[in-house]
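Analysis of the macromolecular model
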Amino acid sequence: MSNLNNIFLTDQVLDLIADTIASQGYVLLDNFLPIDLASSLLTDVEVLSRTEFKAAGIGRNKDNKLNSKIRTDSTLWLTQQTAPQMTYISVMEQLKQGVNERLFMGLSEFECHYSRYQKGDFYLRHLDAFKSQQSSTQKNRRLSSVFYLTPDWQTGDGGELCLYADQKQVNSLLKLAPLFNQCVLFLSDVFPHEVLESQIDRFSIAGWYR
């Protein structure tokens, strides 16, 4: 795996991220990480998904509950317990600093989990945050990220991410195939989104900046 000191996002990439988020609220990044790091994360998630993943719920903290009518994927929070996880979180911390310097978003925390969608799994349309959720005890999600770890995805495999301009929009603003080593960032309280039913094992890292 790449040495931690060699993993960095260039000023050019950070400028692109900030400029695109400022203009349209979301940005797509192909070949986001060095291929050896992306491959190490894939190995990590495949091994851990055999025994460590749990059914994902909806809602926060004590309000979190399972609802298979809305969401059926399984997840594992990243705790930097492996070298690939440590390196990935380090990269995302650098991204946070770069966005803050350019957009003054005041992002202060990052959390993320591995996600696995098996055949038939889905996640219906939802927002990652609501403006009314801001409180003095818990910071709201401001910027969402999804990094894809599904190799050899093909049309018909499903599991696409659909981004909508609002809750009432019928046609998606963006339909994104979960291509390996691609990352998407979008404003958490602006874009409702859903994951279409997957026909294969679909792995990713979902994350949020508060």
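Residue positions are given per chain, counted from 1 along the sequence in the order it is written. Residue-level local features of this predicted model are given only where pLDDT is at least 70; pairs of side-chain atoms are given and counted only at 80 or more, and the full residue set underlies all totals for whole chains, interfaces and linings. Note that the side-chain values use all heavy atoms of the structure and ignore hydrogens as well as water.

**Looking at the sheet that holds strand β8 (residues 174–176)**
In plain terms, the rule: Between any two strands, at least two bridges found by DSSP are needed for them to pair. Numbering goes from the N terminus for both helices and strands, where a helix is a DSSP run of H or I of at least four residues and a strand is a run of E of at least two. Inter-axis angles, ranging from 0 to 180 degrees, are taken between N-to-C directions of lines fitted to C-alpha atoms, where helices are fitted over the stretch in contact.
Spatially, four strands are ordered β5-β10-β7-β8 in an open sheet, and the strand pairing comes out antiparallel. Both outer strands of the open sheet, β5 (123–126) and β8, are each paired with one neighbouring strand and no more. When the angles between neighbouring strand axes are averaged without regard to direction, this sheet yields 10°. Bridge count for strand β7 (residues 161–163) against β8 is three bridges, and the pairing is antiparallel. By the bridge assignment for β8, cysteine 162 is matched with lysine 175.

**Quick look at the confidence of the model for the protein chain**
Quick note on the threshold: pLDDT is a residue-level measure of predictor confidence that goes from 0 to 100. The contact rule is simple, with two residues in contact once any of their heavy atoms fall within 4.5 Å.
Mean pLDDT over the protein chain works out to 91, with 88% of the residues at or above the 70 mark. Across residues 1–5, where pLDDT falls below 50, the model places 11 contacts with residues more than four positions away in sequence or in other chains.

**Looking at the pattern of salt bridges**
The condition is simple: Any carboxyl oxygen of Asp or Glu that lies within 4 Å of a side-chain nitrogen of Lys or Arg is treated as forming a salt bridge with it.
If you walk through the whole model with that rule in mind, you get eight salt bridges. Note that glutamate 101 and arginine 102 form a salt bridge whose closest N and O atoms lie 3.8 Å from each other. Residue arginine 116 is joined to aspartate 201 by a salt bridge in which the shortest nitrogen-to-oxygen separation is 2.7 Å. One end of the pair, arginine 116, is in strand β4 (residues 110–117); the other, aspartate 201, is in the loop between β10 (193–195) and β11 (202–209), with 85 residues separating them in the sequence. One continuous salt-bridge network, built from bridges that share partners, spans Asp11, Asp15, Glu101 and Arg102.

**Re the pairing of strand β6 (residues 143–148)**
Defined as follows: Three labels apply to residues, based on accessible area from a 1.4 Å probe with only protein chains included: buried if under 20% of the type maximum, exposed if over 50%, partly exposed otherwise in between.
Of all six residues in β6, six are buried, a share of seventy percent or more. Side-chain alternation along β6 places Leu143, Ser145 and Phe147 on one buried face and Ser144, Val146 and Tyr148 on a second face that is also buried. Where β6 lies against strand β9 (residues 183–187), five bridges are found, and the strand directions are antiparallel. From the neighbouring strand, serine 144 faces β9, where its bridge partner is phenylalanine 186. As judged from the six bridges shared by β6 and β11, these two strands associate in the antiparallel manner. Within the sheet, the bridge partner assigned to serine 145 lies in β11 and is glycine 207.

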